[in-house]
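Here's the letter readout for the chains.
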Amino acid sequence: MLRPILTNKELIQLMELIKDSKSVFICGHRGPDGDAMGAALGWREYLLNLGKDVFVAMPNPCPDFLRWMPCAQQVKFYSESTAEVSAAIKKADLIFLLDMNEAGRTQDMAAELIASKAKKAIIDHHLNPSCEGYDCVVSRPKLSSTSELVLRIIHQLGGYDRLTRSAAACIYTGMMTEIRSFIDTPHFCSFEKIHQKGLQGYAALYSQTFPRRVVKRPHSRPSFNASRSFRRNSL
């Protein structure tokens, strides 16, 4: 069972920001890895399900081995499509910075993000988030990844049941990016929730993306019994 991850204050702040928005801009850090991409694409689907107009951008391209991710083709790169991304920033009334503790990590995009009059929120798992100039900051350094944090937030906001297998695959990719194997993380319940979405169709792609990140041993604790089924059915 996933416990609530947001405080009451954070929950109210986030719900109000989303409720009052129409056009949402989501971005990750420069040199986007699987966590930045996975968190952004998972969060994108949640917002799309709420009827929001959502634009996802990264400062520069992600590695080719992540291009298989569902809806990755919807992500624009500032270094390649500067005018289009700049227009989306200007249009947005809400900006989410994911997998970074400050706008400066977007480098070339930073000035436009900071200058935007849109409401701004950070969702991240790194230390020392910048709070000044942001309307909501959700930072959980003890979680495995920003993707796990996004999953937990979506679950608390009541959006888990509408989360598709494709979005779950993106979130799982982000979680696997940040840890050596899912048995090494103390947040196994998050992986159980992702497993319930059924990721069998992505098994070959995961083995190519994370060739060394396979679970090599069963776990003795009863709470980890599902790991055997996950390995058999998904990996």
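What you are looking at is a predicted structure, and each value in this text was computed from that prediction instead of being measured.

Calculation rules
Residues numbered from 1 in each chain as written. Predicted model: local features only at pLDDT ≥ 70, side-chain atom pairs only at ≥ 80, totals over all residues. Heavy atoms only, no water. Helix = DSSP H or I, 4+ residues; strand = E, 2+ residues; numbered from the N terminus. Contact = heavy atoms within 4.5 Å. Buried < 20%, exposed > 50% of the residue type's maximum accessible area, 1.4 Å probe, protein only. Axes fitted to C-alpha atoms, helices over the stretch in contact; angles between N-to-C directions. Parallel < 35°, antiparallel > 145°, perpendicular 65-115°, else oblique. Left-handed = near helix turned anticlockwise from the far one by under 90°. Nonpolar A, V, L, I, M, F, W, Y, C, P; charged D, E, K, R; others polar. Pairing = 2+ DSSP bridges. Right-handed = clockwise from strand over helix to strand, strands pointing away.

Caption draft 1: Quick peek at the environment of proline 141. Mapped onto the secondary structure, proline 141 falls in the loop between β6 (136–139) and α5 (146–156). Here the alpha-carbon distance between proline 141 and histidine 125, two residues 16 residues apart in the chain, equals 4.2 Å. Contact partners of proline 141, with chain neighbours within four places excluded, come to His125, His126 and Leu127.

Caption draft 2: Structural context of α5. A large share of α5 lies buried, amounting to nine of its eleven residues. Taken together, the buried positions of α5 are Thr146, Ser147, Glu148, Leu149, Val150, Leu151, Arg152, Ile153 and Ile154. Phi for glycine 158, located one or two positions after α5, is positive at around 85°.

Caption draft 3: Looking closely at the packing of helix α2 (residues 34–49) against α5. Between α2 and α5, whose axes approach to 8 Å, the crossing angle comes to 15°. Comparing the axis directions of α2 and α5 gives the class roughly parallel. Between α2 and α5 the crossing geometry is left-handed. From α2, Asp35, Gly38, Ala39, Gly42, Trp43 and Tyr46 reach across to α5, where they touch Thr146, Ser147, Val150, Ile153 and Ile154. Considered class by class, the residues forming the contact of α2 with α5 number six nonpolar, four polar and one charged.

Caption draft 4: Summary view of the pairing of strand β5 (residues 119–124). With five of six residues buried, β5 lies mostly within the body of the structure. Taken together, the five bridges between strand β4 (residues 94–98) and β5 define a ladder with parallel strand orientation. Bridged to isoleucine 95 within β5 is lysine 120. In this fold, the crossover linking β4 to β5 by way of helix α4 (residues 110–115) has right-handed handedness. As paired elements, β5 and β6 share four bridges and run parallel to each other. From the neighbouring strand, alanine 121 faces β6, where its bridge partner is cysteine 136.

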